[in-house]
Amino acid sequence: MKKQESKHTFSSLRKSLRLVDENVDEMDPNDMSYVYSGYAPISARLVEHATVKQGWGPIDEALKLLPGPVVDETNADARPRSGSRDAPAVCLVVFIGGVTFTEISALRFIERKSNGTK
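Summary of the structure given here. (Residues numbered from 1 in each chain as written. Predicted model: local features only at pLDDT ≥ 70, side-chain atom pairs only at ≥ 80, totals over all residues. Heavy atoms only, no water.)

1. A look at the overall build of the chain
Right, so step 1: Summing up its helical and strand segments, the chain has four helices and zero strands in all.
Right, so step 2: Along the chain, helices and strands appear, N-terminal first, in the series α-α-α-α.
Right, so step 3: Intrachain contacts of the chain at a sequence separation of at least 6 include 55% that bridge at least 24 residues. (Helix = DSSP H or I, 4+ residues; strand = E, 2+ residues; numbered from the N terminus. Contact = heavy atoms within 4.5 Å.)

2. Focus on the environment of Thr 51
Right, so step 1: With respect to the element layout, Thr 51 can be found in helix α2 (residues 42-51).
Right, so step 2: C-alpha of Thr 51 to C-alpha of Ser 114: the two residues are 63 residues apart in sequence and 9.2 Å apart in space.
Right, so step 3: If near-sequence neighbours (up to four positions away) are discounted, Thr 51 is found in contact with Cys 91 and Ile 110.

3. As for the side chain of Glu 48
Right, so step 1: Relative to the helices and strands, Glu 48 is located in helix α2.
Right, so step 2: By relative accessible area, which is 5% here, Glu 48 ends up buried.
Right, so step 3: Residue contacts for Glu 48: discarding those within four places in its chain leaves Arg 18, Met 32, Lys 53, Ile 110 and Lys 113. (Buried < 20%, exposed > 50% of the residue type's maximum accessible area, 1.4 Å probe, protein only.)

4. Regarding the nonpolar core
What tends to happen in soluble globular proteins is that the nonpolar side chains get buried as a cluster.
Right, so step 1: Listed in full, the nine residues of the largest apolar core are Met 32, Val 35, Ala 40, Ala 44, Val 47, Ala 106, Leu 107, Phe 109 and Ile 110.
Right, so step 2: Where this core is concerned, the elements lending two or more residues are α2 and α4 (101-114).
Right, so step 3: Counting residues per element, this core draws most heavily on α4, which supplies four residues.
Right, so step 4: Contact partners of Val 47, with chain neighbours within four places excluded, come to Val 52, Val 93 and Leu 107.
Right, so step 5: Within the second largest apolar cluster, seven residues are counted, among which are Leu 13, Leu 46, Ile 59 and Leu 63. (Core = buried A, V, L, I, M, F, W, Y, C linked by side-chain atoms within 4.5 Å.)

5. Brief notes about α2
Right, so step 1: Summarising burial for α2: seven of the ten residues are buried, a large majority.
Right, so step 2: Within α2, the full set of buried residues consists of Ser 43, Ala 44, Arg 45, Leu 46, Val 47, Glu 48 and His 49.
Right, so step 3: Its buried side turned inward, α2 meets α3 (60-65) and α4.

6. A word on the packing of aromatic side chains
Right, so step 1: Counted by the stated rule, this structure contains two aromatic pairs.
Right, so step 2: Here the aromatic rings of Tyr 36 and Tyr 39 are separated by 5.8 Å at their centres, their planes lie at 55 degrees, and the arrangement is tilted.
Right, so step 3: Classification of Tyr 36 as partly exposed rests on a relative accessible area of 36%.
Right, so step 4: For Tyr 39, a relative accessible area of 27% corresponds to the partly exposed category. (Phe/Tyr/Trp six-rings, centres within 6.5 Å; stacked < 30°, edge-to-face > 60°.)

7. Regarding a nonpolar patch on the surface
Right, so step 1: On the surface, Leu 92, Val 94 and Ile 96 cluster together into a nonpolar patch covering about 430 Å² of accessible area.
Right, so step 2: Its place among the elements puts Val 94 in the loop between α3 and α4.
Right, so step 3: For Val 94, a relative accessible area of 64% puts it in the exposed group. (Patch = residues over 30% accessible without salt bridge, like charges linked within 9 Å, V, L, I, M, F, W, Y side chains within 5 Å. Areas by Shrake-Rupley, 256 points an atom, 1.4 Å probe, with all protein chains shown as cover. Salt bridge = Lys/Arg side-chain N within 4 Å of Asp/Glu carboxyl O.)

8. Considerations on the pattern of salt bridges
Pairing of side chains with opposite charge becomes possible as their charged atoms draw close.
Right, so step 1: Tallying each qualifying case throughout the model produces four salt bridges.
Right, so step 2: Note that Arg 45 is salt-bridged to Asp 31, the shortest N-O span being 2.9 Å. Here Arg 45 is found in helix α2, whereas its partner Asp 31 is found in the loop between α1 (6-16) and α2, with 14 residues between them in sequence. The pair formed by Arg 45 and Asp 31 is uniform in burial state, with each residue classed as buried.
Right, so step 3: Shared partners join several salt bridges into a network, and the residues in it are Arg 18, Asp 31, Arg 45 and Glu 48.

Printed below as a string of structure tokens:
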């Protein structure tokens, strides 16, 4: 495992994943960073890229800064059940070690935003 410099790593992640938004509007949010008054959780930003933005391509370099391997699995055999063509997409997010309520709020914001609701 390679040694990482935490200050340099976070600075790079902050920029490439847009983790900090100093102009957040908490009364009418348009980005998940409102959940921490201007900070978007890394976990939620990764989920957003994987689901809403359809893939890791734009953040490939940022992923290399995170510890551990990147695994991208797609189930090519997945077929919708008969009569469920308009069924909503489902994304399962697993946290090992726990999750905060604000991370859950950020994930809910992603879901509302992707469905076009506020």
